[in-house]
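Listed below are the residues making up each chain.
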Amino acid sequence: MSALHRLGRYLRDDWALFLVRFGKVWDWHAARFFYLDPRTLGLTRIIVGVLMMLDCLRHAAVAELYYSNSGVLTNHYNLFSPSSSHHFSLFHVFSTPAEVHVAFGLAFLCYFFFAIGYRARLFNILSLIWVTSTDSRLILVENGGYVVVNLLVFYLCWLPTGRRFSVDALLRSAREQREQTLDDLRADHRPGWLTDRHRSFACLMVVANFGIIYIFNVINKYGDIWREGLTVHYVLHIDRMVTGLAVPFREHMPLWLSRIVTWLVLVVEATIAMAIFWPENRRITRPLAMVLVFGLHLAFGVMMRLGPFAWFMIAWSSLLLMTVHWEMIEAAYARRQPSIEVRFDTGSGLAWTLVRLARRLDVTRRLVFDGDAPATGVLQARQEGGPWRSGRAAFWLTLRAMIGGRYLLPILRLLLLGLPDLVVLVLFAAPERWARFFGLLAPPRDPRRAHPPQEPSPFRQRLDRYRRRARDLALGFYTLLFLSQLVNENKSLPPPMKHDVPGLIHMFLVYPRLFQGWGMFAPNPIREDGVVAIDAITVDGRHIDPLRGGAPPDLDLSDDRGSGLQQIEQDYMNRIRMKDNARFRHPLRLWLQSYHQRTGRPEDEIIFFEVFWLTDQNPEPGSDKPTDHEAICIASWKKRGARLPPGMPPLPAKPCTPAYAGK
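These lines cover the structure that appears in this document, whether it is placed above or below. Quick caveat: nothing in here was measured; it's all calculated off a predicted structure. (Residues numbered from 1 in each chain as written. Predicted model: local features only at pLDDT ≥ 70, side-chain atom pairs only at ≥ 80, totals over all residues. Heavy atoms only, no water.)

The number of helices and strands found in the protein is 29 helices and 10 strands. With the C-alpha coordinates aligned to their principal axes, the bounding extent of the protein is approximately 90 × 75 × 55 Å. Each of the 663 residues in the protein was classed as buried or not, and the buried ones make up 50%. Relative to all contacts within the protein whose residues are 6 or more apart in sequence, the contacts with residues 24 or more apart total 77%. (Helix = DSSP H or I, 4+ residues; strand = E, 2+ residues; numbered from the N terminus. Buried < 20%, exposed > 50% of the residue type's maximum accessible area, 1.4 Å probe, protein only. Contact = heavy atoms within 4.5 Å.)

A word on the sheet that holds strand 3 (residues 340-344). Taking strand neighbours across the sheet as the criterion, the 4 strands line up as 4-3-5-6 in an open arrangement whose pairing is mixed. The strands lining the two open edges of the sheet, one partner per strand, are strand 4 (367-372) and strand 6 (389-390). Sheet analysis places strand 3 next to strand 4, joined by 5 bridges and oriented parallel. Bridge pairing in strand 4 places I340 opposite L367. (Pairing = 2+ DSSP bridges.)

If you check helix 25 (residues 458-489), its first and last C-alpha atoms are 46 Å apart, about what 32 residues at 1.5 Å a residue would give, namely 46 Å. All of the buried residues along helix 25 are D464, L475, Y478, T479, L481, F482, S484, Q485, L486 and V487. (Expected span 1.5 Å × (residues − 1).)

A few words now on helix 12 (residues 201-219). The α-helix advances 3.6 residues per turn, and as a result positions three or four apart in sequence lie on the same side. With 19 residues, helix 12 ought to run about 27 Å at 1.5 Å a step, and its terminal C-alpha atoms sit 26 Å apart, in line with that. Along helix 12, 14 of the 19 residues are buried, which leaves the element largely enclosed by surrounding structure.

Here we come to the pattern of salt bridges. What the rule picks out here adds up to 24 salt bridges. Salt-bridge contacts for R172 lead to E176; the nearest nitrogen and oxygen are separated by 3.1 Å. Residue R172 and its partner E176 are located together in helix 9 (residues 167-176), separated by 4 residues, close to a single helical turn. When its relative accessible area of 14% is taken as the criterion, E176 is described as buried. Note that R527 and E620 form a salt bridge whose closest N and O atoms lie 2.8 Å from each other. Here R527, found in the loop between helix 26 (503-510) and strand 7 (528-538), pairs with E620, found in the loop between strand 9 (606-617) and strand 10 (627-638); they are 93 residues apart in sequence, far enough to count as distant. Judged by relative accessible area, which is 32%, R527 ranks as partly exposed. For E620, a relative accessible area of 38% corresponds to the partly exposed category. (Salt bridge = Lys/Arg side-chain N within 4 Å of Asp/Glu carboxyl O.)

Now the structure itself:
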C-alpha cells in the first residue's frame, strides 16, 4: 500500500477519494513495473560486461590510427577543437600508441571485474567512465549504438547487479554462513538479499527507456521510402555498411520480398514496444519481446556493421526476464538434471572449500551430500546410478549441477584454453599442501565462525535512507532531462514542443553522452553510398592509399561489393567529408605527411596526395547498378619543390581544389 493510499484513508473529502484512487493506480503499476529479479540483474551484468570487453577489443584494434597522437586525430587537436561542448575523455591523458593500448587494457580490466561481479557497483561506475571516455575521444564515429551502451551502463549503476551470479554474492554468502557440518550443507538457507525482488524507480526507468527506443524508431520512420517498402533494398546497397553476408542476400532477394521485410521491420518494432509496456500476461508478452528483439537485432548485426547497437539492444532485452520465468527455467532444469551425489574428505580444508562453492552454485539443489569419501580421494561424485568419480572428474561433475553447467563449463574451458583444467589438476595433485598454503582449514579445526548480518545502527539506517533518497532524486532529475531530450531530438514531434535547455543543465547529458534521439534510417534511409580514397604519390613514384595499408588506390566505387570497413572506419570516412567537420582534415593531412616516419622507410615519403570522397547513388528498385558516380576532392597537398626521379611522369602541376561533400 503506497503512502498516498494510506493518507487518503484518513481524509474525509473529495481529495481523500482522489488520493485513494490514485494510490490504488500507483500500487497497481508499481507491482508491475517497479520490480526486477536479482537473477535478471546478474545475468544482464554478465552479458553487458562481456559485450563491453569485446567492444573494447574492437576499439583497441584501431587504437593507433584513431585514438593516439600517431593517428588521424591527435589529443591536443581534439582538445582545442572539440567535436562537442562539455567534452571529457580519459583517453586524452594517453598519447602514444603504447599508452593508448594501456588505457584500453585498464578499461578491459574494469569491464572484466564488472562482468564477474567483483565490487560490482564500483566497477560499474568505472565502466561508465571508460565507455563514455571512449565515445568522447572520437565523437566523429559516434552513432546510436554508442548512446545505447552509455545509457544501459548508466542505468545499471542505479541497480544492485551484484546480488546474484557474482563474486560479491559468493563472498557475502561465505561471510554470513560458514558451514561446519553436513547438516549445514544440506540446509536450504537462502537469505532475503539473495531471493527478494529489487524495487526502485530505476527498475521502471531502465525498462521504459528500452521500450521508448522502439516507439520512436517506429514513429520517426514516416518517410515515403518506408511506406513504399523500399528501405531494405536501399540499405543493403550501402557498401560501406553491409557485411559480406548481405551482398549475396541483396543480389538474390526479389523486390517483393524486400518490401515485405521492410514492412515487417516496422511491425516487429511496434510489437516489441507494445509487448514491453503491456501490463497483463507479462509472463507471455515479455518473452515474446525478447524473442523479437533477438531476431531483429541478430539480423541487423550479421547484415550490417553498425557498431555495438544490435548486440547491446539484445543485452538490454535480458532485463525483461521476470521471477516467474526464472522459476520455470529452474523447474525445467531440475526435471532434466539428475541428482549428483557428493562425498568428500571432511577432514580436508580444500574439500570443504570446494563443496561450499558448489553448494552456492547449485541454485536448483541437485547436489546430495552423503558424507565422508573413502581414502581414495579428497572429493568423489556420481550421477544417480552411475559410477563414482574422483578428483578432477568429480569436481567438474559437481559443478555441472549449476544451471547450464553442462553447456557453460565446456565453453569456459575451451575459451580459457584448458587453464581451469590445469588449475584443478594442480590443486588435486597435492590438496593438503595447497590447503595449508591458502589457509584452508577444515571446520572442526577452524576457529572462525559465520558472521550473520547484524542490524545496522540508527545512524547507519538514517544515512542509508538519505542516500536512497538522494539517489532517487538524482535519477528523477535525469528522468526530466531525458523527457526533454525526447522532445527536442526526435523528428516526429512538432516544432512548438521544442525548447531550449540551459547550458548548465545540458552538460549533465553531454558529458556522459546520454541522448534520446531515436530513429535509425529515419524518416527515410540514406540513398547515397561513399568511402574515402587517397591517391598519394611517394618520393619514388608509387601511388598508394595509406588508409588501406599502402595498397594501390582504388578510385572506382561502381564495382564495390561490400567495402569490408569496420564501423569506426566507415563512420570516420562518412563524417570527415562533411562541411561541419572540415577542420578535422588538417590532422589527416599531417598524418599523411608523416607516413614515412611511421613505416621507417625513406622511400615511403609522400610528396603529393589528393583525398577524395567517392560517392554514388544506390541502385533504383529493380536494378543492382549504382548511378551518379562522383569523386569529390576533400583535401590535397603538394610538397614544395618536389620532383619525381628522371624518366617518370611529372607530378600534377596543381592538386585538386578541396570542396565540401555534405553538411
